[in-house]
2 protein chains.
Amino acid sequence: MANIRDVANRAEVSVSSVSNVLNNRTDQMRPETLARIRQSMLDLNYQPNRIAQQLKTGQTRMIGLLVPSIVNPSFAMLTREIDRVAKANQYRVLLGNTYRQADEEQAFLEDMFAHGVKGVIVVATAMDRPHFADAARQGLVMVNYDSLMSSDLSKGQPPFDSVSMDNVEAGRLATEHLIQRGCRQLAFATESSLTISRSHKIEGFFVAAKAHGLADRAHVIEGTAEVAYGDAEMTELGRALAAKILQASPMPDGVVAINDALGIGLMAGLRQAGVRIPQDISVIGIDNIPLADLVQPPMSSVIPPLGEMVNIMMHRLLTRIENPALAPEEFLFTPRLICRQSVIAGEPSPGE
Amino acid sequence: MANIRDVANRAEVSVSSVSNVLNNRTDQMRPETLARIRQSMLDLNYQPNRIAQQLKTGQTRMIGLLVPSIVNPSFAMLTREIDRVAKANQYRVLLGNTYRQADEEQAFLEDMFAHGVKGVIVVATAMDRPHFADAARQGLVMVNYDSLMSSDLSKGQPPFDSVSMDNVEAGRLATEHLIQRGCRQLAFATESSLTISRSHKIEGFFVAAKAHGLADRAHVIEGTAEVAYGDAEMTELGRALAAKILQASPMPDGVVAINDALGIGLMAGLRQAGVRIPQDISVIGIDNIPLADLVQPPMSSVIPPLGEMVNIMMHRLLTRIENPALAPEEFLFTPRLICRQSVIAGEPSPGE
DNA sequence: TTGAAAGCGCTACCAT
DNA sequence: ATGGTAGCGCTTTCAA
C-alpha cells in the first residue's frame, strides 16, 4: 500500500502538498502541480490511511448503531435506513446487538471510544441507565431512537437527542380506527415489562376509548415473554395472549397489539381457536414490519415515517459530532394508519 | 482522556513499562511496579487508544460484513451469529449493504482498507467479480458465505474461503421429501437470475426427480423479481408464480421454492386462488427464515446449520488474518429437513 | 505556491 | 527489571 510519502516522491513535491490535495486545499495550488499529484495518486492506487488521519484528527468516519437485536425486522429496517444515510455522508456503520442487556450496552460504548467513534445511534429499553450518561459526559454524541423521555423532565434535559414516533398518538390512532369501524369492546395486548414507548401507546389507547365513552370497555391484556427483544418471542407471546382474550368476558371485538410481531402471533392463535379475523375480532398492530403484509389476512398497522426519522437522526448526530456544544433536542413524529384487512369493514358511519 | 504518558507519569515509570503491561509482558516486572501501574490506570480511568495501537500494529479488532440487504431475515440471522462470535473474540462488526450492486461492494472493500480492517465476510451473488480478487491480492482476507464456486475449479483456487450449505443436497432433500409424501408432479419455483447456489438447488431437484423416475414430471417455473435481493420482492415473485403454477398442465402437486420468502408468497398466492395447502398442493421452502414458522400453514423447509457455519467462518477469518499465507479452503455443510405443515401427510410409504 | 518539521498515542527494539 | 527513542501515516502550523 502506497503512502503519502510515496505519492509525494513520485510527484516530486512534499508530503504537505499531497496532504493539501487530500484535504481539498487546492485553491492556492498551481494546476500543474495538482495534476501531477493527482496522477501520481492514480498511478500508485493510493488510498489515504484513515487510521493515521484519525490519530491526527481524532475523527473516524464511523458511527455506532446499538440495537436490541438485528433479527427483529423493525431494527433491520432501521439499520438499512441508517446505512443509507451514513453512506451518503461517507460514513460506515459499526453494529452491536445488546439483547437489551446493560453489560452489552456498556461494552459497546466503551469499544466506541476505543475505536475512536464519536457518535452512536442507540435503541435501548432504559436510556436512564448510567452508562449512557457516563458516555455522554465523556464526549460521546448519542441519538436515541424511540424512547422519548421528556415525560420526566424533572430530571432535566437528557444528554442525547431523542427521535421518536409519537407513541401516544400511535396508540390513539390504532384504537380510534377500531372504534370507527364499529368495535365496542376493546383490548390492548402487550408484553408486561414497560418501556416508555409501551406505556405511551397504552395511554393513547385509553385516550381514544375515553373520547368515545368506552373507558370501561377497554382493557389491557398482558403476558410475559421469555426474552423481550425478539420477534419470535413476541409472536409466541401473541399466541399465548390469544387464549387470554378468548377467556375474557365480555370478549373483545377489537384488539390493538403493542407491536406487529405480537399482533401476528395473536392472529395466529385466534385463528387456530376458530375465531375469524376480522369478522369475529379485529386486530391492528403498531410499527409495521414487512411481515404484516404477508400474513393472512394482511394486518392493519400504524407506522412511523422511518425514512424521515432516520434523516433527522443522522443529521443531528453528524452536526453534534462537529459541534458537541450544541444542546440535545427531541423530535416527535406523527404516525400514519395503514389499512389492510385485519380490521372489520364496519359501518360506514355517516359523519363521525 | 488520559493517555499512556499520563499513566506513566502518575506511576512514575516510563511509557515502555506501561506499554508492557498493556501487552501482558509482565513476567519480568516487579509486582510492585505492576501494581503501581495498574492503580494509576484505574485512577485515570485509562482506556488505551486503539487507533494509535492500530497505526502501529496495523491491526484493528474489527471485521467487515458485506450482505445484500440486512432486511432479509436470512442475513439478519447470519449477522447476529457473526456478531456473537466476533464479540467472543473481542471483535466488532462493520456492516455494509450492497443491494447486490458491484459498486457498493467495491466501495465497501475500499473502505475496509482505509479503516484498517483486515478481514471481511462476504455474501455476494458473483464472487468472481474482479474487485474481490483485487482486494484479496492486496491482502484482504475474505470468507464467502453460500456461493461455493468449486464447480469451476478450472480457474484455480479462489482467493478466499468458502462456507456453504450443500445446495445440491438441499434441493434434493426438499424434493425427496415431497416425493416421499406422495407428490408425483413436481415444480421448482425460482427467480430467473442464476446464482451458483440457485443452480445447485435446481440440480438437486432434478437428481431427486430422476432417482424416482419422475424426470419428465419435474419442471422449473421461474419469474423475474424487480430487485433480486429483498424478501419483499421474493414474496411478490412467489405470488406471481402461483398463477403460473395454476396454469401449468398437468398441475403440480408438490412445489419446491428456492427460498422461504418466495415459498411464503407462493402459498399466499395459491391460497388466494382457492387452493388448499397442503391438501391440493404441497409446498416446501429452502433456508428457513423465522417467518416460515409464523405463516399458515407453517412452512416446511430445509435449513443449514447456521451456528456451526458461522463458527467455522469466523475461525477461518481470524486465523487467516493472523497468517495470511494459509491457503483458502472450502467447507460444505449438510442441510437438515424441518417438517412443518405445508407438505401433505401422505402415504406412510412402507419401506422406501 | 510550496516545504520542513512537530506531534497524535502507541509499540518494539535496544540500552542500561 | 526498566527506560529512551524511532517511527507508524497523516495533518497542520510556520517559514520560505
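As the structure is a prediction and not an experimental result, all values here were calculated from the model. (Residues numbered from 1 in each chain as written. Chains lettered and ligands numbered in written order. Predicted model: local features only at pLDDT ≥ 70, side-chain atom pairs only at ≥ 80, totals over all residues. Heavy atoms only, no water.)

## What about the overall build of chain A?
Within chain A one finds 12 helices and 12 strands. Its C-alpha radius of gyration of 26 Å places chain A more than 25% over the 20 Å reference for a compact globule of 352 residues. Along the first, second and third principal axes, the C-alpha set of chain A runs to 85 × 40 × 40 Å. Residues classed as buried in chain A amount to 54% of the 352 residues present. Put simply, 71% of the contacts in chain A that link residues at least 6 apart link residues at least 24 apart. Of the roughly 14700 Å² that chain A leaves accessible, carbon and sulfur atoms contribute 50%. (Helix = DSSP H or I, 4+ residues; strand = E, 2+ residues; numbered from the N terminus. Rg over C-alpha atoms; globule rule 2.2 N^0.38 Å. Buried < 20%, exposed > 50% of the residue type's maximum accessible area, 1.4 Å probe, protein only. Contact = heavy atoms within 4.5 Å. Areas by Shrake-Rupley, 256 points an atom, 1.4 Å probe, with all protein chains shown as cover.)

## Comments concerning the domain arrangement of chain A
Considered domain by domain, chain A is made up of domain 1 (4-57), domain 2 (62-166 + 306-335) and domain 3 (167-304). Here domain 1 of chain A and domain 2 of chain A have C-alpha centroids that lie 35 Å from each other. (Domains from an automatic or database assignment.)

## Observations regarding the sheet that holds strand E6 (residues 186-191) of chain B
All names here are of chain B. Taken together, 4 strands build an open sheet; the order of strands is E7-E6-E8-E9 and the sheet is parallel. The two strands at the open ends of the sheet, each matched to only one other strand, are strand E7 (218-223) and strand E9 (282-284). Pairwise comparison of adjacent strand axes, ignoring direction, gives a mean angle of 25 degrees for this sheet. Examined bridge by bridge, strand E8 (residues 254-257) and E9 share 3 bridges and lie parallel to one another. Residue Val 255 lies in a different strand from E9, and its bridge partner there is Val 283. (Pairing = 2+ DSSP bridges. Axes fitted to C-alpha atoms, helices over the stretch in contact; angles between N-to-C directions.)

## Some words on the interface of chain A and chain B
Interfaces are frequently sized by the accessible area removed from exposure as the parts join. Opposite the 45 residues of chain A that make contact, chain B presents 45 residues. A combined buried area of about 4200 Å² lies between chain A and chain B, and 61% of that area is made up of carbon and sulfur atoms. Of all residues in chain A, A:Ile51, A:Arg92 and A:Leu294 give up the largest surface area on contact with chain B, accounting jointly for 16% of the area buried on that side. For the pair chain A and chain B, the interface holds 4 salt bridges. Between B:Lys87 and A:Glu104 there is a salt bridge; the shortest N-O distance is 3.0 Å. Joining chain A to chain B, the criterion identifies 12 residue pairs in polar contact (both at pLDDT 80 or more). Mapped by element, the contributors of at least two residues to the side of chain A that touches chain B are helix H4 (50-57), helix H5 (73-88), strand E2 (92-97), helix H6 (102-114), helix H10 (231-247) and helix H11 (260-272) of chain A. (Buried area = accessible area lost by both parts, 1.4 Å probe. Salt bridge = Lys/Arg side-chain N within 4 Å of Asp/Glu carboxyl O. Polar contact = N/O pair within 3.5 Å; in protein donor to acceptor, adjacent residues only side chain to side chain.)

## Looking at the UniProt feature "domain: HTH lacI-type" (unreviewed entry) in chain A
Within the UniProt annotation, "domain: HTH lacI-type" (unreviewed entry) is assigned to residues 2-57 of chain A. Summarising residues 2-57 of chain A: 68% helix, 0% strand, and an end-to-end C-alpha distance of 21 Å. (UniProt positions renumbered as here; feature names shortened; annotations may be inferred.)

## What about the sheet that holds strand E9 (residues 282-284) of chain A?
Residue and element names in this part refer to chain A. Strands sit in the order E7-E6-E8-E9 across an open sheet of 4 strands; the sheet is parallel. In this open sheet, the two edge strands, each paired with only one partner strand, are strand E7 (218-223) and E9. Within this sheet the neighbouring strands show an average axis-to-axis angle of 25 degrees, counted without direction. Pairing of strand E6 (residues 186-191) with E7 involves 6 bridges; the strand directions are parallel. Residue pairing for E7: Ala 189 is matched across the bridge by Ile 221. Relative to the sheet, helix H8 (residues 167-180) contacts E6, strand E8 (254-257) and E9, its axis offset from that of E8 by approximately 165 degrees.

## Topic: the protein's contact with DNA strand D
By nearness alone, 25 residues border DNA strand D, and A:Ile4, A:Tyr46, B:Ser16, B:Gln28 and B:Thr33 come closest of all. In this structure, A:Ile4 approaches DNA strand D through a main-chain N or O atom, which is 2.3 Å from a phosphate oxygen. A:Ser19 places a polar side-chain atom, nitrogen or oxygen, 3.1 Å from a phosphate oxygen of DNA strand D. Within the residue set of the surface near DNA strand D, elements represented by two or more residues are helix H2 (15-22) and H4 of chain A together with helix H2 (15-22) and helix H4 (50-57) of chain B. (Near = heavy atom within 4 Å.)

## What about H4(B)?
The distance from a side-chain oxygen at the start of H4(B) to the backbone nitrogen of B:Ile51 is 2.7 Å, and the residue carrying that oxygen is B:Asn49. Among the residues trailing H4(B), B:Gly58 stands out with phi positive, at a value near 75 degrees.

## Some details on the protein's contact with DNA strand C
Around DNA strand C there are 24 residues in total, and A:Gln28, A:Thr33, A:Lys56, B:Ile4 and B:Tyr46 lie nearest to it. Here DNA strand C approaches the protein such that, of its atoms within 4 Å, sugar and phosphate make up 67%. A distance of 3.1 Å separates a phosphate oxygen of DNA strand C from a polar backbone atom of A:Arg30. Between DNA strand C and B:Asn3, the relevant distance is 3.5 Å, taken from a phosphate oxygen to a side-chain nitrogen or oxygen of the residue. Every element with two or more residues in the surface near DNA strand C is listed here: H2 and H4 of chain A together with H2 and H4 of chain B. In terms of residue count, H4(B) provides more of the surface near DNA strand C than any other element does, 4 residues in total. Each residue belonging to the surface near DNA strand C can be placed in one class, and the counts come to 8 nonpolar, 12 polar and 4 charged. (Nonpolar A, V, L, I, M, F, W, Y, C, P; charged D, E, K, R; others polar.)

## Describing the relation of the copies chain A and chain B
Superposition of chain A onto chain B requires a rotation of 180 degrees combined with a translation of 0.1 Å along the rotation axis, giving an RMSD of 0.3 Å. With respect to symmetry, the two chain copies, as superposed, fit the operation of a two-fold axis. Residues of chain A ranked by C-alpha distance from the rotation axis are headed by A:Leu94, positioned 2.3 Å from it. A shared interface surface links the copies, since 98% of the contact residues of chain A are contact residues in chain B too. (Least-squares fit on C-alpha atoms with pLDDT ≥ 70 in both.)

## Examining the pattern of salt bridges
Under the defined criterion, the tally for this structure stands at 38 salt bridges over all chains. Taking the shortest distance from any N to any O, the salt bridge between A:Glu329 and A:Arg316 comes out at 3.6 Å. One end of the pair, A:Glu329, is in the loop between helix H12 (306-322) and strand E11 (330-333); the other, A:Arg316, is in helix H12, and 13 residues separate them in sequence. On the basis of relative accessible area, A:Glu329 is assigned to the partly exposed category, the value being 38%. Two residues, B:Glu105 and B:Arg129, come together in a salt bridge whose shortest N-O distance is 2.9 Å. One end of the pair, B:Glu105, is in helix H6 (residues 102-114); the other, B:Arg129, is in the loop between strand E3 (119-122) and helix H7 (130-137), and 24 residues separate them in sequence. A network of salt bridges, in which partner residues are shared, links A:Asp161, A:Arg316, A:Arg320 and A:Glu329.

## Focus on the packing of aromatic side chains
All names here are of chain A. According to the stated counting rule, one finds 4 aromatic pairs over all chains in the structure shown. Centroid distance Phe 188 to Phe 205: 5.3 Å. Interplanar angle 55 degrees. Geometry classified as tilted. On the criterion of sequence distance, the pair formed by Phe 188 in strand E6 and Phe 205 in helix H9 (residues 196-211) is long-range, its members being 17 residues apart. An aromatic cluster of three or more residues is present, and its members are Phe 188, Phe 205 and Phe 206. (Phe/Tyr/Trp six-rings, centres within 6.5 Å; stacked < 30°, edge-to-face > 60°.)

## Section: the pairing of strand E2 (residues 92-97) of chain B
Among the 6 residues in E2(B), 6 count as buried, and that is most of the element. With burial as the criterion, each face of E2(B) is covered, one bearing B:Arg92, B:Leu94 and B:Gly96 and the other bearing B:Val93, B:Leu95 and B:Asn97. Inspection of the sheet shows E2(A) paired to E2(B) by 3 bridges, in the antiparallel sense. Across the sheet, A:Leu94 pairs through a bridge with B:Leu94, a residue of E2(B). Bridge analysis of strand E1 (residues 62-67) of chain B against E2(B) gives 6 bridges, and the strand direction is parallel. Residue B:Met62 lies in a different strand from E2(B), and its bridge partner there is B:Arg92. The handedness of the E1(B) to E2(B) crossover, carried by helix H5 (residues 73-88) of chain B, is right-handed. (Right-handed = clockwise from strand over helix to strand, strands pointing away.)

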